[in-house]
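Each chain, written out:
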Amino acid sequence: MSEVLRSPAAALLIALALTLGLGWETRRSRWAPFFLFHAVLAIALPLYAGSWPKGNPLAALTAAPMAWMLCAFALPIWELGLAGLAYESWLRRRGYAGDPRVSPAAALEAALLTASRRLGLSVRAVSGLFAAYAVLWAPLGEDLFFWGYLLPSLAGGWGFWPAACAASVLFGIHHWLYLGGRTGGTGRAAGLAFAGTSVLSGILLALAFRISRSLYPVMAMHLATNLAWVAASAFARRSAEK
């Protein structure tokens with residue numbers, strides 16, 4: 001059965017089904033933006049298909065270190081620098097600071113505010129839960145599904161670049177849905193900016209997987225980037241509260 005699940009057709013159908021399920025949770029689940037059903041399936045399906053990385057993590061991290069670390073260096077520069085600080089600064093100069101219609105950061109804050117009302121928790125508590133979700137689940141659930149399962153399965157029939165592009169586009173769509181899709185006050189521009197950022201980030205993660213031939217470096221660079229993003233968000237929130 002695991003071999004069937006790793007065929008390109010099966011992997012693509014599973015990825016599309018998971019995306020539709022995430023879309024349903026975005027609109028219907030009171031637990032959005034935590035997406036519990038999606039979070040469990042994103043880990044369980046690749047594990048069932050035998051996608052858990054094998055070998056010594058330390059050996060994988062030291063294999064071709066300069067090559068994959070270039071991707072690791074580029075990822076936070078792209079996400080936090082160009083797509084984060086530079087884009088938000090550009091919005092501020094045009095008078096759109098804090099506008100969830102165009103700002104992914106503001107759209108995320110709006111989604112967390114909606115979640116706090118829905119769950120009956122403080123905004124600080126929901127923000128902490130989301131930060132834990134981004135740091136603890138994302139480097140495991142996302143990387144295991146997209147780069148440990150989907151990318152190798154598609155690449156077996158399509159080749160690396162078509163598979164990497166398809167997986168990265170789906171990766172971007174998932175991030176658009178994380179932000180709330182068409183709900184939670186998210187505007188089209190904010191959603192597209194966040195999705196577009198995630199597509200290029202997905203290409204960098206796919207390249208790191210191809211270079212290192214292991215999921216461990218991918219998880220490490222994703223974890224480091226999300227930690228930096230969470231720290232930057234917390235700093236910006238505290239500065240705004242003063």
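Structure first, text after, so check above.
Structure report, in brief. (Residues numbered from 1 in each chain as written. Predicted model: local features only at pLDDT ≥ 70, side-chain atom pairs only at ≥ 80, totals over all residues. Heavy atoms only, no water.)

### Thoughts on the overall build of the protein
What counts here: Put simply, DSSP H or I for four residues or longer makes a helix, DSSP E for two residues or longer makes a strand, and each gets a number counted from the N terminus. Using C-alpha atoms as the atom set, the radius of gyration is obtained and then compared with a globule rule of 2.2 Å times the number of residues to the power 0.38. Under the scheme applied here, a residue whose accessible area is under 20% of the maximum for its type counts as buried, over 50% as exposed, and between as partly exposed, the area being computed with a 1.4 Å probe on protein chains only. Here the Shrake-Rupley method, with its probe set to 1.4 Å, supplies the accessible areas, and only the displayed protein chains count as covering residues. None of His or the chain ends enter the tally, which takes Lys and Arg as positive and Asp and Glu as negative. Every charge is mapped to an atom, namely NZ of Lys, CZ of Arg, CG of Asp or CD of Glu.
Within the protein one finds 10 helices and 0 strands. Secondary structure of the protein in N-to-C order comes out as α-α-α-α-α-α-α-α-α-α. Relative to its length of 242 residues, the protein is compact, with a C-alpha radius of gyration of 18 Å against a globular reference of 18 Å. For the protein, the spread of C-alpha atoms along the three principal axes comes to 50 × 40 × 30 Å. Relative to its full complement of 242 residues, the protein shows a buried share of 46%. If you sum the accessible surface of the protein, you get close to 12000 Å²; carbon and sulfur atoms cover 70% of it. The centroid of the 19 positive side-chain charges in the protein is displaced by 4 Å from the centroid of its 9 negative side-chain charges.

### What to know about the packing of helix α7 (residues 123-158) against helix α8 (residues 160-178)
Quick reminder of the rule: Each axis is a line fitted through C-alpha atoms, and for a helix only the stretch in contact is used; angles between axes span 0 to 180 degrees, taken between their N-to-C directions. Crossing handedness is defined as follows: a turn of the near helix away from the far one that is anticlockwise and smaller than a right angle gives a left-handed crossing, while the clockwise case is right-handed. Here a residue-residue contact requires only that any non-hydrogen atoms of the pair lie within 4.5 Å. Residue polarity follows a fixed list, in which Ala, Val, Leu, Ile, Met, Phe, Trp, Tyr, Cys and Pro are nonpolar, Asp, Glu, Lys and Arg are charged, and the others, Gly among them, are polar.
It is at 8 Å that the axes of α7 and α8 come closest, and there the two elements cross at 150 degrees. Regarding α7 and α8, the two cross each other, and that crossing is right-handed. Two secondary-structure elements touch here, α7 through W137, E142, F146, W147, L150, L151, L154, A155 and W158 and α8 through F160, P162, A163, A164, A166, A167, S168, L170, F171, H174, H175 and Y178. Residues that form the contact of α7 with α8 fall into these classes: 17 nonpolar, 3 polar and 1 charged.

### Observations regarding the packing of aromatic side chains
Between two aromatic rings, the relevant description is the distance of the centres plus the angle of the planes. To keep it simple, the criterion reads: Any two of the Phe, Tyr and Trp rings considered here, Trp counted by its six-membered ring, make a pair once their centres fall within 6.5 Å; the pair's planes then place it as stacked at under 30 degrees, edge-to-face at over 60, or tilted in between. Our definition puts a charge over a ring when NZ of Lys or CZ of Arg is within 6 Å of the ring centre and also within 35 degrees of the ring normal.
Following the criterion strictly, the structure yields 12 aromatic pairs and no others. Relative to Y149, the ring of F145 has its centre 5.7 Å away and its plane inclined at 50 degrees; by these criteria the two rings are tilted. Separated by 4 residues within a single helix, F145 and Y149 lie in helix α7, roughly one turn from each other. Ring centres 5.2 Å apart and planes at 80 degrees place the aromatic pair F146 and F171 in the edge-to-face group. Placement of the pair is F146 in helix α7 and F171 in helix α8, with a sequence separation of 25 residues. Per residue, the accessibility class of F146 equals that of F171, and both read buried. Residue placement shows R210 over the ring face of F160; its charged tip is 4.4 Å from the ring centre.

### Overview of unusual backbone geometry
If a residue is not glycine, its phi is most likely negative; likewise, a peptide bond is most likely trans. Of note, F35 is a non-glycine position whose phi angle comes to about 50 degrees, a positive value. Residue R213 is not a glycine yet carries a positive backbone phi of 60 degrees. Relative to the assigned elements, R213 resides in the loop between α9 (188-212) and α10 (215-241). Classification of R213 by relative accessible area gives exposed; the value is 77%.

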